[in-house]
Amino acid sequence: MVARRLIYSAVLLMAGAAVSAADTLDVHEQIVLHESGAADVTLTVLASVPPGRELVLPWSHSMPDSIRPDDTLTHAALRVEHGLHFLVLTAPWDAERPRRVRLSVPSFIGWSSLKRTAFGNVTVEHTFRNTTSRRIDRYRGDVILPEGYVVTSVVSSIPEQTEKDPVAPYEILEDSGRSGVSIRTAKLGLGDGALITFRCKPAAKSPILLVALILAGTLYLMFFRDVLKENGNGPPAAQNAQS
Amino acid sequence: MTERALEDLLDLDRHKLSVEHKRKATATERWMKYLGVPVGFAVFLMLYYMPTPAGLTAGGQAIIASFALALIWWIAEPVPTYVTSLVLMTLLIFLDGWDSKNVLGVLGFDVIWLNVLAFILSSVLIKTNLAKRIALSLVVRFGYSVRPMLLSFVLLQLCLAPLIPATAARAVMTLPIMLVVGAIYGATPGQPNNVGRNLFLQNLLGINIFSSGFMTGSTANLIALAFIANMAGTKVYYTDWMFANLPIAMLAMFVAWIIGPTLLFRVRPADAHPQISGGMNALQEQLRKMGGMSPQEKKGALIFGLVVFLWVTDRFHMQWFGFEIDAVMAAMIGAIITLLPKIGILKWNEADIPWHLMIFSAGAYAGGLALNDSGAAAWVVRKIFVAFNFGTDVSFWTVYVIVIALMMYSHFVFTSKTMRTIILIPFIIVLAQQLGFNPVALALPAAFTIDWVIGLPISAKPNVILFTTGQYSVLDNLKYGIVIATIGVILLTVAGFTWFRVLGLTPAF
């Protein structure tokens, strides 16, 4: 009896593997952050799914207060299994057609709880981990900052940028005048993930430097005219008129 | 000139590199110095206060603004180059471009260590009179006139290039000889002339571009070839590289040898011979008076020979020792022996280390690395390529010329050959693939320009070392670099139409 179950399970697994090997799944996750800490998450998927089956995607953010599938999907809902959250999508699947679902997450990020470092920077981390058994062929995650914020620098990423693979897996975005980052990766199996850690800060710059340098430049032109005199000191190696 | 004066002239202890030489500037240089400060500020403010462009981080924007200011100041020299470097390092930190740990850590980089150790070894050649002996022998044989003297240095650099890949090592080996020969032609750090400018800048060119003649000439060449192998699937062999590019490097050097003393820094007939009373006879007499090699000279030659031996045999170290002694560690071994009591030659105070140069180098490297780390350099390159808006119907030759020119002139803003290669070569390969061209036909000729780092003292290690001599200004270096880089673009373009086609590297029309 046990042996029969094992063989049955193995056949099912192999069949599943055969299907998933032939299928494709591309996921594009766009997270638009607001200053309140809320975020609008838009998931766009391009997937081949057998008719009548549902597509299960990992969900690693806090609970959304609304889920709005577009008219290409028949249903979208969150499901909790073993403490993990999944987004379940149903549709008349067609591998060529992108499907989109929008979710509003009221407490996505606690800006006030993030530690502010020098120059008003805060460090933000975005992680995506595939907690489903289905392989994700291509993943792209965009994080768009609230208006008035800019990305200062990217601290780290998974996958990493290396000398052997010098094309950065991330890029700096501008979306309707808002700054953000984007991380891309491919072939995410069960447990694989993508991560980007970046620093951001308010975009406004103090005018002090502007005023100080304009003043310094003007004063220099006024009080350093003697530099033009022939007996003024030149650069170390700059003498002897060239013939 | 009395005999005493000749001896003084050849005594390089009197022309210490660690001492900064202040002199009168030309009218152009005075104007550049005067306007350099406000122009630098204006460019900085414009770049820093403009809205952060799409695709660039705020840190990257601050770095570009700071580096632009430094570049203007390094060229115009309103303040000494090392002060500009300190300003740049401060701006990088205070404007949140690069953190202080990274910026200050640059002073511990292997390139700085190599510079320090190289100057210790260079001091050995000077203190033991070995440099004087080699230089006098060279001048007595070839130095009756400026042309053959310059040609002898071309040949010297050509011979050293395949043996010693480290360009800084070659610079330090030949620097003391250049100093003595320069002095014989009346070019001292306190009073440089056009013979000195030609001598030092031509050597700077030779040290750098002869590296481009050999695949193993620099690490960056090998990195470029790894990209070509991995991304374009084509393996390039040592002889492929050498047959294709060594003739170009030699031709460029020949052109530079011709136009240097006639067009760029004209040498008057009166200056074209050794500037010492008694002429060649006095020099022959001086060499004769030196007699046989002293024990100190022999010891110096032995120590320097050991270091050179380690530099030349680096590819066999793994086999011999189980690990590689790189150029820095070989120089360190030499420096240790040199400074050992009783066994060594130098006391610490006798080592002529120009620390202002180290600060200058550190600033330049910090700026360059910050540009790379922040993605700002890649962003600028991407913007330039996008600006050309290549369509699929663009001709190969249009793209070829633009790629060669971009790769060549990019060395004016990159301070590291490796970074320049890592950013540009994959870009060029992808561009070629997208346009349907053979990637090797674009990427390999582009890789041939990697070692043409001749435009500024910040462009490469040997440039910084030779700049300390005070024999030429940043402006002289820039003028020489722009002209020679343009000649390089022309030569590589003509080679693309002819020589590279014969070799099957570039396509037929």
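This structure is a prediction, so every number in the text was calculated from the model and none was measured.

Turning our eyes to something else, we now look at the interface of chain A and chain B. With 43 residues of chain A at the interface, the matching set in chain B holds 54 residues. Summing both sides of the interface, chain A and chain B together bury roughly 4,300 Å²; the carbon and sulfur share of this comes to 60%. Where chain A meets chain B, there are 2 salt bridges. On the surface where chain A and chain B come into contact, there are 14 residue pairs in polar contact (both at pLDDT 80 or more).

All names here are of chain B. Among the surface-exposed residues, Phe309, Phe316, Met318, Trp320, Phe321 and Phe323 lie close enough to one another that they form a single nonpolar patch of about 650 Å² accessible area. If you tally residues by element for the nonpolar patch, the top one is helix H15 (residues 317-321), at 3 residues. The residue Phe309 is located in helix H14 (residues 295-312) in this model.

Time to look at helix H20 (residues 417-435) of chain B. Residue and element names in this part refer to chain B. Look at H20: 26 Å from first C-alpha to last across 19 residues, which is about the 27 Å you get at 1.5 Å a residue. Counting buried residues along H20, 14 of its 19 residues qualify, which places the element largely inside the surrounding structure. Capping the start of H20, Ser416 holds a side-chain oxygen 3.3 Å from the backbone nitrogen of Thr418, two or three residues further along. Trailing H20 by a residue or two, Gly436 shows a phi angle of about 80°, which is positive.

Residues and elements named next belong to chain B. With 13 residues, helix H18 (residues 376-388) should cover 18 Å at 1.5 Å per step; its first-to-last C-alpha distance of 19 Å lies within 8% of that length. Taken residue by residue, H18 has Ala376, Ala377, Trp379, Val381 and Phe385 as its buried positions. Buried positions along H18 lie against helix H3 (58-76), helix H17 (355-373), helix H19 (396-409) and H20. Once H18 ends, the next one or two residues include Asn389, with phi positive near 50°.

This next bit is on the side chain of A:Lys201. Inspection of the secondary structure puts A:Lys201 in strand S13 (residues 193-202). Polar contacts involving the side chain of A:Lys201 include one to the side chain of B:Asp96, which spans 3.1 Å. Ignoring anything within four residues of it in the chain, the contact list for A:Lys201 reads A:Phe119, A:Gly120, A:Asn121, A:Gly148, A:Tyr149, A:Val150, A:Thr152, B:Ala58, B:Leu95 and B:Asp96.

We now examine the pairing of S13(A). Where a strand is regular, its side chains alternate between the two sheet faces. All names here are of chain A. Burial runs high along S13: 9 of the 10 residues are buried. Both strand S8 (residues 122-129) and S13 contribute to a ladder of 8 bridges, which runs antiparallel. The partner of Arg129 across the bridge, within S13, is Gly193. With 8 bridges connecting them, strand S10 (residues 149-158) and S13 associate as antiparallel partners. Within the sheet, the bridge partner assigned to Val150 lies in S13 and is Lys201.

All right, on to empty space enclosed by the protein then. All chains considered together, the criterion is met by 3 cavities of 30 Å³ or more. Of all the elements, H17(B) adds the most residues to the lining of the second largest cavity, at 5 residues.

The strands making up a sheet are joined through hydrogen bonds of the backbone, oriented either antiparallel or parallel. Taken together, 3 strands build an open sheet; the order of strands is S8-S13-S10 (chain A) and the sheet is antiparallel. Only two strands of the sheet have a single partner each, and these edge strands are S8 and S10 of chain A. The mean inter-strand angle of the sheet, taken between neighbouring strand axes irrespective of direction, is 25°. Contacts from H3(B) reach S10 and S13 of chain A, with the element oriented near 105° to S10(A).

This brings us to the packing of helix H6 (residues 110-127) of chain B against helix H16 (residues 327-339) of chain B. Residue and element names in this part refer to chain B. It is at 9 Å that the axes of H6 and H16 come closest, and there the two elements cross at 40°. Here H6 is positioned oblique relative to H16, judged by the angle of their axes. For the pair H6 and H16, the sense of crossing is left-handed. Residues Asp110, Trp113, Leu114, Leu117, Ile120, Leu121 and Val124 of H6 form the contact with H16, whose own contacting residues are Ala327, Val328, Ala331, Met332, Gly334, Ala335, Thr338 and Leu339. For the contact of H6 with H16, the per-class residue count stands at 12 nonpolar, 2 polar and 1 charged.

Now for the pattern of salt bridges. Residues and elements named next belong to chain A. This model, assessed by the stated rule, comprises 14 salt bridges over all chains. For Arg140, the salt bridge identified is with Asp142, shortest N-O distance 2.9 Å. Exposure remark for Arg140: the relative accessible area of 23% places this residue in the partly exposed category. Salt bridges linked by common partners bring Glu54, Arg79 and Glu81 together as one network.

Here we take up the nonpolar core. Grouped burial of nonpolar side chains is what soluble globular proteins tend to show. Of all hydrophobic cores here, the largest spans 179 residues; its most connected members are B:Val181, B:Trp311 and B:Ile484. Once you skip the residues sitting within four places of it in the chain, B:Val181 turns out to touch B:Ala135, B:Leu138, B:Val139, B:Met149, B:Phe153 and B:Leu199. If you look at the next biggest cluster of nonpolar residues, it comprises 43 residues, including A:Val27, A:Val41, A:Ala47 and A:Tyr149.

Glancing now at the layout of surface pockets. Residue and element names in this part refer to chain B. Considering only enclosed or pocket space, the second largest pocket measures out at about 1,000 Å³ in volume. In terms of lining residues, the second largest pocket is bounded by 36 residues, among which Asp110, Ser218, Thr219, Thr418 and Lys461 are the most central. Counting residues per element, the ones that place at least two in the lining of the second largest pocket are H6, helix H9 (167-184), helix H11 (219-232), H14, H16, H17, H20 and helix H22 (461-467). Classifying every residue of the lining of the second largest pocket by side-chain character gives 19 nonpolar, 10 polar and 7 charged.

The subject of this paragraph is the packing of aromatic side chains. Counted under the stated rule, the structure contains 28 aromatic pairs over all chains. Ring centres of B:Phe41 and B:Trp73 lie 5.7 Å apart, and the angle between their planes is 55°; this geometry places the pair in the tilted category. In this pair, B:Phe41 is assigned in helix H2 (residues 27-49) and B:Trp73 in helix H3, connecting sequence segments 32 residues apart. When its relative accessible area of 7% is taken as the criterion, B:Trp73 is described as buried. Relative to B:Phe323, the ring of B:Phe321 has its centre 6.0 Å away and its plane inclined at 35°; by these criteria the two rings are tilted. An aromatic cluster of at least three residues, connected via ring pairs, comprises B:Phe67, B:Trp74, B:Phe360, B:Phe467 and B:Tyr472. Over the face of the ring belonging to B:Tyr48 we find A:Lys205, whose NZ or CZ atom lies 4.6 Å from the ring centre. If you follow B:Arg147 out to its NZ or CZ, it ends over the ring of B:Trp257, 5.2 Å from the centre.

For the rest of this paragraph, the subject is the sheet that holds strand S3 (residues 55-59) of chain A. Residues and elements named next belong to chain A. Strands sit in the order S3-S6-S5 across an open sheet of 3 strands; the sheet is antiparallel. Two strands lie at the open edges of the sheet, namely S3 and strand S5 (75-81), each paired on one side alone. Averaged over all pairs of adjacent strands, the angle between their axes in this sheet comes to 30°, without regard to strand direction.

Another aspect to go through is the confidence of the model for chain B. Residues at a pLDDT of 70 or more form 96% of chain B, whose mean pLDDT is 88. Quick note on the complex model: pTM equals 0.83, ipTM equals 0.82.

All names here are of chain B. With their axes 9 Å apart at the nearest point, H11 and H20 run at an angle of 25° to one another. By the angle between their directions, the pair H11 and H20 is classed as roughly parallel. The two elements H11 and H20 cross, and the hand of that crossing is right-handed. Seen from H11, the contacting residues are Ala220, Ile223, Ala224, Phe227, Ile228, Met231 and Ala232; seen from H20, they are Lys417, Thr418, Thr421, Ile422, Ile425, Pro426, Ile429, Val430 and Gln433. Class assignment for the residues of the contact of H11 with H20 results in 12 nonpolar, 3 polar and 1 charged.

A separate point is the confidence of the model for chain A. Residues and elements named next belong to chain A. For chain A, mean pLDDT is 84; residues scoring 70 or higher make up 84% of the total. Mean pLDDT per element in chain A: helix H1 (residues 2-22) is the minimum at 41, and helix H2 (residues 208-223) is the maximum at 96. Across residues 1-22 the pLDDT falls below 50, and counting only partners more than four positions away or on other chains, this stretch makes 1 contact in the model. Below pLDDT 50 for its whole length, residues 236-243 participates in 36 contacts with residues either more than four positions away or in separate chains.

Cut-off values and rules
- Residues numbered from 1 in each chain as written.
- Chains lettered and ligands numbered in written order.
- Predicted model: local features only at pLDDT ≥ 70, side-chain atom pairs only at ≥ 80, totals over all residues.
- Heavy atoms only, no water.
- Contact = heavy atoms within 4.5 Å.
- Buried area = accessible area lost by both parts, 1.4 Å probe.
- Salt bridge = Lys/Arg side-chain N within 4 Å of Asp/Glu carboxyl O.
- Polar contact = N/O pair within 3.5 Å; in protein donor to acceptor, adjacent residues only side chain to side chain.
- Patch = residues over 30% accessible without salt bridge, like charges linked within 9 Å, V, L, I, M, F, W, Y side chains within 5 Å.
- Areas by Shrake-Rupley, 256 points an atom, 1.4 Å probe, with all protein chains shown as cover.
- Helix = DSSP H or I, 4+ residues; strand = E, 2+ residues; numbered from the N terminus.
- Expected span 1.5 Å × (residues − 1).
- Buried < 20%, exposed > 50% of the residue type's maximum accessible area, 1.4 Å probe, protein only.
- Pairing = 2+ DSSP bridges.
- 1 Å grid on protein atoms, 1.4 Å probe; cavity = no way out; pocket = protein on both sides within 12 Å on 5 of 7 lines; lining within 4 Å.
- Points joined across faces, edges and corners; volume = space filled by probe spheres on them.
- Axes fitted to C-alpha atoms, helices over the stretch in contact; angles between N-to-C directions.
- Parallel < 35°, antiparallel > 145°, perpendicular 65-115°, else oblique.
- Left-handed = near helix turned anticlockwise from the far one by under 90°.
- Nonpolar A, V, L, I, M, F, W, Y, C, P; charged D, E, K, R; others polar.
- Core = buried A, V, L, I, M, F, W, Y, C linked by side-chain atoms within 4.5 Å.
- Phe/Tyr/Trp six-rings, centres within 6.5 Å; stacked < 30°, edge-to-face > 60°.
- Lys NZ or Arg CZ within 6 Å of the ring centre and 35° of its normal.
- pLDDT = per-residue confidence, 0-100.

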